[in-house]
Amino acid sequence: LRSDEPVFGRWDRLRLEAVISNLLHNALQYGEGKPVELRLLAEPEAARLSVKDRGLGLLPEEQGRLVHGVESGVPSGPSVGGGVGLWIVRQVILAHGGLIEVESQPGEGTTITVLLPYDEARPEPETP
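Residues numbered from 1 in each chain as written. Predicted model: local features only at pLDDT ≥ 70, side-chain atom pairs only at ≥ 80, totals over all residues. Heavy atoms only, no water.

Asks: I'd love a proper account of the overall build of the protein, names of residues and values included.
Replies: From N to C terminus, the protein includes three helices and five strands. Mapped from its N terminus to its C terminus, the protein presents α and β elements in the order β-α-β-β-α-α-β-β. The buried share among the 128 residues of the protein stands at 38%. The long-range share in the protein, meaning contacts at least 24 apart out of those at least 6 apart in sequence, stands at 59%. (Helix = DSSP H or I, 4+ residues; strand = E, 2+ residues; numbered from the N terminus. Buried < 20%, exposed > 50% of the residue type's maximum accessible area, 1.4 Å probe, protein only. Contact = heavy atoms within 4.5 Å.)

Asks: Summarise the nonpolar core; cite the residues concerned and give the values.
Replies: Ranked by size, the top nonpolar core spans 17 residues in total, and within it Leu16, Val19, Leu23, Val89, Ile93, Ile112 and Val114 carry the most contacts. When contributions to this core are tallied by element, the ones reaching two or more residues are helix 1 (13-30), strand 3 (46-52), helix 3 (84-95), strand 4 (99-105) and strand 5 (109-117). (Core = buried A, V, L, I, M, F, W, Y, C linked by side-chain atoms within 4.5 Å.)

Asks: Just give me the short version of helix 3, but keep the residues and values in it.
Replies: Side chains of residues three or four places apart in an α-helix project in the same direction, reflecting 3.6 residues per turn. Along its 12 residues, helix 3 runs 16 Å from first to last C-alpha, staying within 8% of the 16 Å computed at 1.5 Å per residue. When helix 3 is considered as a whole, its buried residues turn out to be Gly85, Leu86, Val89, Arg90, Val92 and Ile93. The buried residues of helix 3 occupy one face: seen down the axis, they fall within an arc of 170 degrees. Summarising the geometry of helix 3, the exposed residues directed more than 90 degrees from the buried face are Val84 and Ala95. (Expected span 1.5 Å × (residues − 1). Arc of directions from axis to C-beta.)

Asks: Help me get a handle on the sheet that holds strand 1 (residues 2-3), residues and values and all.
Replies: Spatially, five strands are ordered 1-2-3-5-4 in an open sheet, and the strand pairing comes out mixed. On the outer flanks of this sheet lie strand 1 and strand 4, each paired with one strand and no other. Bridge count between strand 1 and strand 2 (residues 37-42): two bridges; the pairing is parallel. Residue pairing across strands places Ser3 opposite Leu40, the latter belonging to strand 2. Its contacts with the sheet place helix 1 against strand 3 and strand 5, and it is angled at close to 25 degrees to strand 3. Set on the sheet, helix 3 makes contact with strand 4 and strand 5; between it and strand 5 the angle comes to about 25 degrees. (Pairing = 2+ DSSP bridges. Axes fitted to C-alpha atoms, helices over the stretch in contact; angles between N-to-C directions.)

Asks: Can you explain the pairing of strand 3? Please cite residues and give values.
Replies: Burial analysis of strand 3 places five of its seven residues in the buried class, which makes it a mostly covered element. Taken together, the six bridges between strand 2 and strand 3 define a ladder with antiparallel strand orientation. Opposite Leu38, over in strand 3, you have Val51 as the bridge partner. Counting the residues between successive antiparallel strands, the hairpin from strand 2 to strand 3 contains three residues.

The following block contains the structure:
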């Protein structure tokens with residue numbers, strides 16, 4: 001776990017626990033027993049949470065399926081992944097007004113990053 005400072009936000013605790021659990025589960029499952037890195041950064045507008053494995057990696061078409069939510073289910077190749085767990089991650093992150101990014105190379109591992117705005121219901125500034 002790497003984090004330079006505490007990160008505070010207004011999020012649904014139980015759903016974020018599911019996000020972290022699913023991301024770690026996938027990283028451990030497909031990381032081929034290699035170390036998994038969890039990194040948390042406080043950026044100006046959002047918290048950035050990344051989970052990186054050094055395992056099988058994903059094919060480009062599998063990455064697109066995760067990011068855009070186009071069908072999940074039976075894996076198309078040896079890298080597997082992209083099932084219900086990551087679908088849940090995507091739904092929770094989108095419900096919080098966030099984004100999910102996937103970076104991967106077959107045989108080199110995968111990094112899944114979520115960006116979470118600090119407050120999903122930020123009030124607009126009042127105008128005089």
